[in-house]
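The lines below spell out each chain.
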Amino acid sequence: DGMNVLFIVVDDLRPVLGCYGDKLVKSPNIDQLASQSVVFSNAYAQQAVCAPSRVSFLTGRRPDTTRLYDFYSYWRVHAGNYSTMPQYFKENGYVTLSVGKVFHPGVSSNYSDDYPYSWSIPPFHPSTEKYENDKTCRGKDGKLYANLVCPVDVTEMPSGTLPDIQSTEEAIRLLNVMKTNKQKFFLAVGYHKPHIPLRYPQEFLKLYPLENVTLAPDPWVPEKLPSVAYNPWTDIRQRDDVEALNVSFPYGPLPDDFQRQIRQSYYAAVSYLDTQVGLLLSALDDVGLSNSTIVVFTADHGWSLGEHGEWAKYSNFDVATRVPMMFYVPGMTTSSGSQGERVFPYLDPFSHILGLVPQGRSKKVVELVSLFSTLAELAGLQVPPVCPETSFHVALCTEGASIVRYFNASEEKVEEEKDGCDDTYRCFNEEPVAFSQYPRPADTPQWNSDKPKLKDIRIMGYSMRTIDYRYTVWVQFNPDNFSANFEDVHAGELYMTETDPNQDYNIYNNTSHGCLFKKILG
């Protein structure tokens, strides 16, 4: 019998977690999962915005194949009738269940989260989701606002709860049903925080006194950043508290004290998320399924916290594209514990400072698009075939190779002999590469630069991340036939990881990079 799968995907979570070396954040439950998992420290999304990223990893195809760069088309109609990861598990005898935000809701998943293709029963959405953007944040004047920074008293909220709390409760209920019915399941749980608004139970602020919260290490717009690469964080400007600051568009910096408040609330929202993950994993123990369930934990993309003078996602920088990714596989990433032993006791972030380290860590560069084939392999299903060059007509195939082969690779092998390429970049050897991309409507920041609709896209930034560098070219793009013209390069970026880990010093214009260009074309 194959194992069950618990697939946890978080909205807008960059790897600010203890298990990723963050010294400030308190995430004991996710760290405890990491201590029993293989953790990938270089995992990247294919596009740093919700719907395109989710459709990409749930179908195992890249955005150029799903043809979704915005929120406004359904791949089965618009691109090809691609099978999804949950659909594949369902066709292989699993009960597939969706709780919270797994597919991006709306037209991009056919207003049904791709039910009935992907799921055995209609997906669950928390009833209080509809209040997310309402005026529920109490200001200093006692009035209610729709703020970005929004710690709340949960008892004052509609129905006395929050969406992620409801999702955890429903997921736990379903675990109990699956246990009772002895059914093999694929349960996907999508958490909404730390997506904006940063609305979370106010007690989590206590974990992060403002004096402990720093600014980003590089809170300025880099001198050599091409204007097309900059995302002007329009969605943040529209929140009541940010709007009141009257910051100039597009580069005007937010006041330092407010930057620290955003960072503080992001961390607090992560600790709130951690408690929900902790309750869910503890329930997996309660029903006695921790030894027969694969647990995956990841996010749809990252989120800038003031780096490069930017906020939110919508860019090709690591802060926007890098995600946490870990796999707990009983008997593979951990020795099978004796029956009845708790694997995931709930840890209270207010009292537990454990400093647990990952069971196994891989520095290999990997992509979200590999999740489909990786999970199929871990569950003992046949791994879907690799897609042909054009695969619009192929229902089941994947553009992301399984990464199970990296699970046991000892880290010493990372420093492989660097032969086969004389220049700085080791161009042509088979090192792992992560590809991301981001569309823009123009060469300079516009009000719709963060989320251009398909018809308005004029430029596509194709980005390639290896262990050594991030290389990006912004090229002319035609939305009518989805074609990129690599002969019309509008701008480029090149950052060397070792000397410039924060990607502040673009050396594109003073380096020859013909071989990188060839590689991105390939």
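Residues numbered from 1 in each chain as written. Predicted model: local features only at pLDDT ≥ 70, side-chain atom pairs only at ≥ 80, totals over all residues. Heavy atoms only, no water.

## So, the domain arrangement of the protein
Worth spelling out the cut-off: The split of the chain into domains comes from an automatic or database domain assignment. The contact criterion used throughout is that any non-hydrogen atoms of two residues lie within 4.5 Å. What gets called buried area is simply the loss in accessible area from a 1.4 Å probe that two parts show on being joined, summed for both. Any Lys or Arg side-chain nitrogen found within 4 Å of a carboxyl oxygen on Asp or Glu counts as a salt bridge.
Once the domains are mapped, the protein shows domain 1 (4-125 + 165-191 + 268-406) and domain 2 (434-521). Distance between the C-alpha centres of domain 1 and domain 2: 27 Å. Opposite the 27 residues of domain 1 that make contact, domain 2 presents 31 residues. Between domain 1 and domain 2, a total of about 2300 Å² is buried, with carbon and sulfur atoms accounting for 54% of that surface. Contact with domain 2 buries area across many residues of domain 1, yet Tyr-69, Tyr-314 and Asn-316 alone supply 32% of it, more than any other trio. At the junction of domain 1 with domain 2, the criterion picks out two salt bridges.

## Brief notes about the state of the cysteines
Every disulfide links exactly two cysteines, by a covalent bond between their sulfur atoms. As a reminder of what qualifies: Two cysteine sulfurs form what is called a disulfide whenever their separation falls within 2.5 Å. Counting from the N terminus, the helices are DSSP H or I runs at least four residues long and the strands are E runs at least two residues long. Burial status follows relative accessibility: with a 1.4 Å probe on protein chains alone, a residue under 20% of its type maximum counts as buried, one over 50% as exposed, and anything between as partly exposed.
Per the counting criterion, the structure on display carries two disulfides. The side chain of Cys-137 participates in a disulfide bridge whose partner is Cys-150; the two sulfur atoms lie 2.2 Å from each other. Across the S-S bond of Cys-137 and Cys-150 the torsion is about -100 degrees, and the bridge reads as left-handed. Taken together, the residues Cys-137 in strand β4 (residues 137-138) and Cys-150 in strand β6 (residues 149-152) connect sequence positions 13 residues apart. Among the residues examined, Cys-137 registers a relative accessible area of 3% and is labelled buried.

## Looking at unusual backbone geometry
A cis amide bond, omega 5 degrees, links Tyr-115 with the succeeding residue Pro-116. Looking at the element boundaries, Pro-116 is found in the loop between β3 (95-100) and β4. Cis rather than trans, the peptide bond between Ile-196 and Pro-197 has omega equal to -5 degrees. Relative to the helices and strands, Pro-197 is located in the loop between β7 (185-191) and β8 (198-201). Despite not being glycine, Ala-312 shows a phi value in the positive range, around 70 degrees. By the secondary structure assignment, Ala-312 is in strand β11 (residues 311-312). Positive phi outside glycine occurs at Phe-482, with the angle close to 55 degrees.

## Regarding the nonpolar core
Put simply, the rule reads: Residues enter a nonpolar core if they are buried and are Ala, Val, Leu, Ile, Met, Phe, Trp, Tyr or Cys, with the set joined through side-chain atoms within 4.5 Å.
The biggest cluster of nonpolar side chains holds 129 residues, and the ones touching the most others in it are Phe-7 and Phe-327. When residues in this core are grouped by element, the largest group, 14 residues, is from helix α9 (residues 256-286). Counting residues in hydrophobic clusters, the runner-up holds 20 residues, among them Tyr-469, Phe-486, Cys-515 and Ile-520.

## Things to note about the confidence of the model for the protein
Here is the rule we go by: On a range of 0 to 100, pLDDT expresses the predictor's confidence in each residue.
Model confidence for the protein is summarised by a mean pLDDT of 94, while 94% of its residues fall at 70 or above. A low-confidence stretch, residues 411-426 (pLDDT under 50), is modelled with 20 contacts involving residues beyond four sequence positions or located in other chains.

## Considerations on the pairing of strand β12 (residues 322-328)
The cut-off we apply is this: In this analysis, strands are considered paired if DSSP registers two or more bridges between them.
Where burial is concerned, most of β12 is hidden: six out of the seven residues are buried. Summarising the sheet, strand β2 (residues 38-44) and β12 pair through five bridges and their orientation is antiparallel. Looking across to β12, one finds that Val-38 is bridged to Phe-327. By the bridge criterion, four bridges tie strand β9 (residues 293-299) to β12 in an arrangement that is antiparallel.

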